[in-house]
Each structure stands twice: as C-alpha cells, then as structure tokens.
Amino acid sequence: MDYSYIGAGKVYIKDNSTPAGLLEVGNVSKLEFSVEEDAIELRDYTSPGGGVLNEVRRVKGVTATMTLHELKAENVALMLYGSTTGVNAGTVADEVVTGYPGRLTRLAHAGPVDVVVKNDFEGAAGGTTFVAGTDYEVRPGGIFVLAGGDITPGQTLHVAYGYGVEDVIEALTAAAKEYGLFFEGLNEAQSGRPFLVDVHRIRFGATKAFSLIGDAFAGFEVAGKVLKDTTKTGAGVSQFFKATSQQVAAVPAG
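We now turn to the structure provided with this report.

**Re the pairing of strand 4 (residues 52-68)**
Where strand 3 (residues 28-43) and strand 4 come together, 15 bridges link them in antiparallel fashion. Residue E37 lies in a different strand from strand 4, and its bridge partner there is V59. Both strand 4 and strand 15 (residues 220-226) contribute to a ladder of seven bridges, which runs antiparallel. Each bridged residue has a counterpart across the sheet, and for T67 the counterpart in strand 15 is E221.

**Side note on the pattern of salt bridges**
Within the structure shown, the criterion is met by eight salt bridges. Taking the shortest distance from any N to any O, the salt bridge between E221 and K30 comes out at 3.1 Å. Of this pair, E221 sits in strand 15 while K30 sits in strand 3, placing them 191 residues apart in sequence. Using a relative accessible area of 39% as the deciding quantity, one classes E221 as partly exposed. When its relative accessible area of 29% is taken as the criterion, K30 is described as partly exposed. Between R201 and E178 there is a salt bridge, with the nearest N and O atoms lying 3.0 Å from each other. With a gap of 23 residues between them, R201 in strand 14 (residues 193-204) and E178 in strand 13 (residues 178-187) connect regions that are remote in the sequence. What you see here is one network of salt bridges that share partners, running through E37, E55 and R57.

**What to know about the sheet that holds strand 8 (residues 113-118)**
On the basis of which strands lie adjacent, the open sheet formed by three strands has the order 6-11-8 and antiparallel pairing. Both edges of this open sheet fall to strand 6 (90-99) and strand 8, since each of them pairs with a single strand only. The sheet shows a mean angle of 20° between the axes of neighbouring strands, taken without regard to direction. By the bridge criterion, eight bridges tie strand 6 to strand 11 (residues 155-163) in an arrangement that is antiparallel. Within the sheet, the bridge partner assigned to T98 lies in strand 11 and is T156.

**A closer look at the nonpolar core**
Counting 22 residues, the largest nonpolar core has V11, M66, L181, I202 and F204 as its most contacted members. Elements represented by at least two residues in this core include exactly strand 1 (7-15), strand 4, helix 1 (73-79), strand 13, strand 14 and strand 15. Apart from the residues within four sequence positions on either side, M66 is in contact with V11, V28, K30, L31, L78, L181, F204, F220, E221 and V222. Judged by nonpolar contacts, the second largest core, of 15 residues, contains V97, I143, I151 and Y161.

**Topic: the side chain of D15**
By the secondary structure assignment, D15 is in strand 1. A polar contact is formed between the side chain of D15 and the side chain of K177, at a distance of 3.5 Å.

**Details of the packing of aromatic side chains**
All told, the structure shown has six aromatic pairs when counted by the stated rule. Judged by centre distance (5.2 Å) and plane angle (55°), the rings of Y5 and F195 are tilted. One end of the pair, Y5, is in the segment before strand 1; the other, F195, is in strand 14, with 190 residues separating them in the sequence. On the basis of relative accessible area, Y5 is assigned to the partly exposed category, the value being 41%. Measuring from ring centre to ring centre gives 6.4 Å for Y161 and Y163, while their planes differ by 55°; the resulting arrangement is tilted.

Conventions and cut-offs
- Residues numbered from 1 in each chain as written.
- Predicted model: local features only at pLDDT ≥ 70, side-chain atom pairs only at ≥ 80, totals over all residues.
- Heavy atoms only, no water.
- Pairing = 2+ DSSP bridges.
- Helix = DSSP H or I, 4+ residues; strand = E, 2+ residues; numbered from the N terminus.
- Salt bridge = Lys/Arg side-chain N within 4 Å of Asp/Glu carboxyl O.
- Buried < 20%, exposed > 50% of the residue type's maximum accessible area, 1.4 Å probe, protein only.
- Axes fitted to C-alpha atoms, helices over the stretch in contact; angles between N-to-C directions.
- Core = buried A, V, L, I, M, F, W, Y, C linked by side-chain atoms within 4.5 Å.
- Contact = heavy atoms within 4.5 Å.
- Polar contact = N/O pair within 3.5 Å; in protein donor to acceptor, adjacent residues only side chain to side chain.
- Phe/Tyr/Trp six-rings, centres within 6.5 Å; stacked < 30°, edge-to-face > 60°.

Structure representation (structure tokens):
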C-alpha cells in the first residue's frame, strides 16, 4: 500500500487557561515538528579503534515551528506576547492635538474620515476652519500639516472625524501562554484523506522577525516547545502529541 504524503490543511489553537474552543489561525505555509535527543554512548575501550558498544537515547524536547500569513489580531498577539482590544466604529467630536508644518500629527484612531480641523478658538467669533489640501492632508495615521498653509508651528488644533472598527494590539504586555494545537490535515497524495495531529500542550516563543515592508507576502514564523502532559496516561499513550491517519476511505453510514 502507498503511504506517501503531501500535506495541506488548517491549524487551530486553544488557550489552555480558558474553556473556549479551537481558534483557526488562518493560512499557514509551514507546520513542522522537530524531536531533540540526548545520546549517551558507551565507547568500546577494549580494542584499538574504539567504536560504540552501546547507546541510550532520551528525548530532550519537541519543537513545533509554524509560519503564519494572516495578520489578524489573535495571531499578532500570539507572535508578540500581546493583548488585544476590539474598538467599535464611532466618531470623535473634538480631539485636541498640536500641529507643525511639514509634520504628521497622529490621531487616536486609524483611517479617519469626514475630517474637520479647526483652530483653538472653536465656537468663538473669528474661529478658523482649516482647508484640506491647502492646510493639511488626511493620512491613515492622522493629519499631515502642509507647509505654506495657515497652520502655524505648535498650533493647537481641534479635530472631528469618524473611524471604523479597529483591533488594537498592545505588544509585549503578557507572558507566554500555554496552548493546545490541532492540525486538521489533508493528504493530497492520498485523495485528501484526513491526517490529524493533536498537540496537548505547547508554549510558543515570540516571533524572531516582524517584517512590515517587503515585496512578497509576509510570513511570520513562531516556534514553540511541546510540553509533556502528565494527565495523558496509559500504555502506548503519548504525553506530547498524537497523529491520526486515515488510510482507507470511510464507509458511508447506513
């Protein structure tokens, strides 16, 4: 029988500290397990040339490496030991900022729309409403004050605008979490038959590189240690992970 394998499939993770179900992480181009061993060797000292008379191998650890391609909030939090907060769409009636010609003034929310910028005499006689394209331009991160306009260096500005739904990720604010991992694999070399892997406990390290500019689709690699799960007991039961391979097509029920 042919047991060849070409893998594809979906990866899910579960925060082991909560009862919530498995979260799909999205497009993953690599999922790889590496087993590290310690080898204890007994050299043969009884004859010239030596050699190994006996050897004992012990599992030192199991490392899982995963490359993610979707920059959704949960993935970024996983990669950067962060915390996430969802922000509903809304409006800002009066955000007070300071403007400098030739500089970007950050706003509290991303992608502002319907922007109105006024001076610090808002509501008073003689107040000024600045002109987009002449005094400033709207950018995804705020307003860029244009040189040659009516906004003077260090001027206090009052900004009103609308914004969309946001995910806010605060990086490096949390300790590494313990997850369960499930690979819902399909073996393309065997007509897409299931190949499933359950990892009971895994703790990921932070990503080594967080590339935000490039010519290719970004891939964010994380590696984690597969930890022993002492609750898994019994003869032949792995305390690290198990794999289930369907080699014969299922028989329809009924």
